[in-house]
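Commentary on secondary and tertiary structure
What follows is each chain in one-letter form.
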Amino acid sequence: MKKTLLTTLLIVTIASIFTACSTKRYGRLQNVTGMESEYLTCKAIDIEIDKAQNFLKNAYYKNDKIDKEYILGILGDLGIGNRMEYSEAIKSAKNRLADLKKLQVEKSCN
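Calculation rules
Residues numbered from 1 in each chain as written. Predicted model: local features only at pLDDT ≥ 70, side-chain atom pairs only at ≥ 80, totals over all residues. Heavy atoms only, no water. Disulfide = S-S within 2.5 Å. Helix = DSSP H or I, 4+ residues; strand = E, 2+ residues; numbered from the N terminus. Buried < 20%, exposed > 50% of the residue type's maximum accessible area, 1.4 Å probe, protein only. Core = buried A, V, L, I, M, F, W, Y, C linked by side-chain atoms within 4.5 Å. Contact = heavy atoms within 4.5 Å. Salt bridge = Lys/Arg side-chain N within 4 Å of Asp/Glu carboxyl O. pLDDT = per-residue confidence, 0-100.

**Considerations on the state of the cysteines**
The full count for this structure, using the stated rule, is one disulfide. Note that cysteine 42 is cross-linked by a disulfide to cysteine 109, the S-S spacing being 2.0 Å. Taking the torsion about the sulfur-sulfur bond, which here is approximately -80°, the covalent link between cysteine 42 and cysteine 109 counts as left-handed. Here cysteine 42 is found in helix H3 (residues 42-64), whereas its partner cysteine 109 is found in the segment after helix H5 (80-106), with 67 residues between them in sequence. Its relative accessible area of 31% is what places cysteine 42 among the partly exposed residues.

Structural data, given as structure tokens:
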């Protein structure tokens, strides 16, 4: 009885260790800061827009990819952590893109 309980606890502990770090990491983009809006040139804004768009493409690609983080995330929390991480990454990128496009209009960039 004790041996079965100990074995079960060991398995649960090991599974928890592997699933705890199984959430995919996408990263975040920050909103445009006051200093950026003041000092970014039109060319620099174009570069930042391109970076944000590439971030989105990479996030979309990584989300569609089935890898160990995906599988462990499904096993650990039914994939909820992966979906939340993905949503926050996309949200941050879209917010930055919106800020940059607004700045582009304010500075009368083409």
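**Digging into the nonpolar core**
Judged by nonpolar contacts, the single largest core of 17 residues is most densely connected at Ile45 and Leu100. Among the elements of the structure, H3 and H5 are those that each provide at least two residues to this core. In terms of residues, this core owes the most to one element, H5, which gives seven residues. With residues near it in sequence (within four places) discarded, leucine 100 still touches Val32, Leu40, Ile45, Glu48 and Ile49.

**Quick look at the environment of asparagine 82**
Among the secondary structure elements, asparagine 82 is positioned in helix H5. A C-alpha to C-alpha distance of 9.4 Å links asparagine 82 and tyrosine 26, two positions 56 residues apart in sequence.

**Considering the pattern of salt bridges**
Working definition: two side chains of opposite charge can pair if their charged atoms are close together. Going through the model one piece at a time under the given rule, you end up with four salt bridges. Among the ionic pairs, arginine 28 bridges to glutamate 85, the shortest N-O distance being 3.0 Å. Highlighted residues: arginine 28 in the loop between helix H1 (2-20) and helix H2 (34-39) and glutamate 85 in helix H5, separated in sequence by 57 residues. When its relative accessible area of 43% is taken as the criterion, arginine 28 is described as partly exposed. The salt bridge involving arginine 96 is made with glutamate 36; its shortest N-O contact spans 3.0 Å. Placement of arginine 96 in helix H5 and of glutamate 36 in helix H2 is noted, with a sequence separation of 60 residues between them. A relative accessible area of 7% means that arginine 96 is categorised as buried.

**Some thoughts on the confidence of the model for the protein**
Confidence in the prediction for the protein averages 81 pLDDT; 68% of positions are at 70 or higher. Confidence scores differ between elements of the protein, with helix H4 (residues 68-77) showing the lowest mean pLDDT of 61 and H2 the highest of 93.

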